[in-house]
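Structural features, examined
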Amino acid sequence: MAFRNRYPPKSCDTFVALPPATADNYIIFGKNSDRPSDEVQEVVFFPAANYQPGDEVECTYIKIDQVEKTHAVVLSRPSWLWGAEMGANEHGVCIGNEAVWGKEKPNDKEALLGMDLVRLGLERSETAEEAVDVLAGLLEKYGQGGNCMEDEVVFTYHNSFLVADKKEAWILETVGKYWAAEKVEEGVRNISNQLSITTKINKEHPEMRSYAKSRGWWDGKVEFDFTAVYSYQDSAKMNETGNRYCTGLQLLDKHKGNIAIETMMDILRDKESGINMEGGFMTTGSMASILPMDSNLHCIHFFTGTPYPERSVFKPFIFVQNMRQFLQTSSPSFGPDDPVKKKPRFQTKPDRKHALYKKHEVAAAFMEINQKKGSKMLQDIKALEKKQIETAKDILKNGIPDTTKVVHLFSDCAAEEIAIYNKCN
């Protein structure tokens, strides 16, 4: 039985707000990663690196040619795979991806996952537009495909991406090898589990229109609308009230002109809209970023590394020198013995829980059964998050005179979060 018959197509939500929609001269980025409820999401850091000609990089399923230099990245990713659901690089580029479906059948053959493309785009680009070009080039050369879930049941989809930097944002949406990209220079934009690019297309696959014409999807006379042509859904129904994509846009519009990092976190925590998702698929990790348009200011990225964003702490991260891997949010490594690496794949599923996840899991259960103490614990984690946001605002206002004071910002916050969770023992 196909996975799509067991669960309706669900995805994540990715958001961006640019001036004048934001409260300050910042670009605000955010994403919820909605994945199988038993999947662990880790937050990991990888430094910049140099490589030799002929080197290869082993992605989730395939090896591809490595580039001469990769940029430092921070990633939130399902712990069984190589790529990432979302992340940022040292140049202020952020990327989040979504599962989408179109008139072309998703590829079951192992190729690059959309999540692999997220990491590759971050490692290989210095701007959002360059990331779009990198993703399109990799899609053309290697294709997208393979099981997107740690399970014998195959779950495949096409991908859309929201890419942002300190100047602008781009939407890249794909169906098979065909794609369209839209540039966003101001206001708000979001993506969800459906195609959303219509007639505003700034870059595209060179054969996108001719292929659609050959399949009878477009007559070449009416204005080309990517969603109307390539989506399997009726485009009118895709814009109905209650639809996740439309609801997400309404939440952005509601706060337009005053969107701050707290606003983005509130949107990611919104349950009524379904953006903060529960059930067989649920929000397993969240990210929110401040991208100052002033080139002299540092970008600040917040990650939960845990499910239930309403019961999680958004922990800040800043790219500075001497960064090290995050022990509390890094899952165990199983190397070549990992069931993902062996064929047939996914015959067993090891325990991938990292230290923060384990403590958070116990605390979430505690909050359910002991409401009084659970309420106090929730107040404590909200206070911790508020303190971190105030620290971020101070950094944006006054800079970082001593980078050693922020090099462990994320790890120190994770340790404080664990200390709060330890109170339920």
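Residues numbered from 1 in each chain as written. Predicted model: local features only at pLDDT ≥ 70, side-chain atom pairs only at ≥ 80, totals over all residues. Heavy atoms only, no water.

1. Points about the nonpolar core
One finds Phe-224, Phe-226, Tyr-230 and Phe-302 to be the most contacted residues of the largest nonpolar core, which totals 72 residues. The greatest single-element share of this core, amounting to 5 residues, is contributed by helix α7 (residues 261-268). Excluding anything up to four places from it in sequence, Tyr-230 contacts Gly-102, Lys-103, Val-175, Tyr-178, Leu-195, Met-208, Tyr-211, Ala-212, Trp-217 and Phe-224. Counting residues in hydrophobic clusters, the runner-up holds 45 residues, among them Val-132, Met-149, Tyr-157 and Trp-170. (Core = buried A, V, L, I, M, F, W, Y, C linked by side-chain atoms within 4.5 Å. Buried < 20%, exposed > 50% of the residue type's maximum accessible area, 1.4 Å probe, protein only. Helix = DSSP H or I, 4+ residues; strand = E, 2+ residues; numbered from the N terminus. Contact = heavy atoms within 4.5 Å.)

2. With respect to the layout of surface pockets
Considering only enclosed or pocket space, the largest pocket measures out at about 370 Å³ in volume. Its residues assigned to classes, the lining of the largest pocket comprises 7 nonpolar, 5 polar and 7 charged. (1 Å grid on protein atoms, 1.4 Å probe; cavity = no way out; pocket = protein on both sides within 12 Å on 5 of 7 lines; lining within 4 Å. Points joined across faces, edges and corners; volume = space filled by probe spheres on them. Nonpolar A, V, L, I, M, F, W, Y, C, P; charged D, E, K, R; others polar.)

3. Brief notes about the state of the cysteines
The full count for this structure, using the stated rule, is 0 disulfides. Of all cysteine sulfurs in the structure, the one in Cys-12 sits closest to Cys-148, which takes part in no disulfide; the separation is 11 Å. The thiol of Cys-413 is unpaired, and the distance to the nearest cysteine sulfur, on Cys-424, comes to 17 Å. The buried category is assigned to Cys-413, whose relative accessible area is 1%. (Disulfide = S-S within 2.5 Å.)

4. Some points on the environment of Glu-42
Tracing the chain through its elements places Glu-42 in strand β3 (residues 41-46). As a C-alpha pair, Glu-42 and Thr-329 span 287 residues in sequence and 5.3 Å in three-dimensional space. Those residues in contact with Glu-42 that lie beyond four places of it in its chain are Leu-75, Ser-76, Arg-77, Ser-79, Thr-329, Ser-330, Ser-331 and His-354. Within the structure, Glu-42 has its side chain in polar contact with the backbone nitrogen of Ser-331 (distance 2.7 Å). (Polar contact = N/O pair within 3.5 Å; in protein donor to acceptor, adjacent residues only side chain to side chain.)

5. What to know about the sheet that holds strand β11 (residues 158-164)
Strand pairing in a sheet relies on backbone hydrogen bonds. The paired strands run either parallel or antiparallel. In spatial order, the strands read β3-β8-β9-β10-β11-β12-β13-β15; together these 8 strands make up an open sheet with antiparallel pairing. Only two strands of the sheet have a single partner each, and these edge strands are β3 and β15 (203-204). In terms of strand pairing, strand β8 (residues 73-78) meets strand β9 (residues 86-89) through 4 bridges, oriented antiparallel. Within the sheet, the bridge partner assigned to Val-73 lies in β9 and is Asn-89. (Pairing = 2+ DSSP bridges.)

6. Remarks on the side chain of Thr-284
In this structure, Thr-284 sits in strand β16 (residues 281-292). Overall, Thr-284 belongs to the buried group, its relative accessible area being 2%. Here Gln-41 takes part through its side chain, which lies 3.0 Å from a polar atom of the side chain of Thr-284. Excluding residues within four positions of it along the chain, Thr-284 makes contact with Ser-33, Arg-35, Pro-36, Glu-39, Gln-41, Thr-306 and Pro-307.

7. Points about empty space enclosed by the protein
Counted according to the given criterion, the structure contains 2 cavities of 30 Å³ or more. Approximately 30 Å³ is the volume found for the second largest cavity. Lining of the second largest cavity is provided by Leu-112, Leu-113, Gly-114, Gln-144, Gly-145, Gly-146, Cys-148, Tyr-157 and Asn-159.

8. Things to note about helix α3 (residues 128-142)
The terminal C-alpha atoms of α3, which comprises 15 residues, lie 21 Å apart, in line with the 21 Å expected from a rise of 1.5 Å per residue. Restricting attention to buried positions, one finds in α3 the residues Ala-128, Ala-131, Val-132, Val-134, Leu-135, Ala-136, Leu-138 and Leu-139. Positioned one or two residues after α3, Gly-143 has a phi angle of 75°, which is positive. (Expected span 1.5 Å × (residues − 1).)

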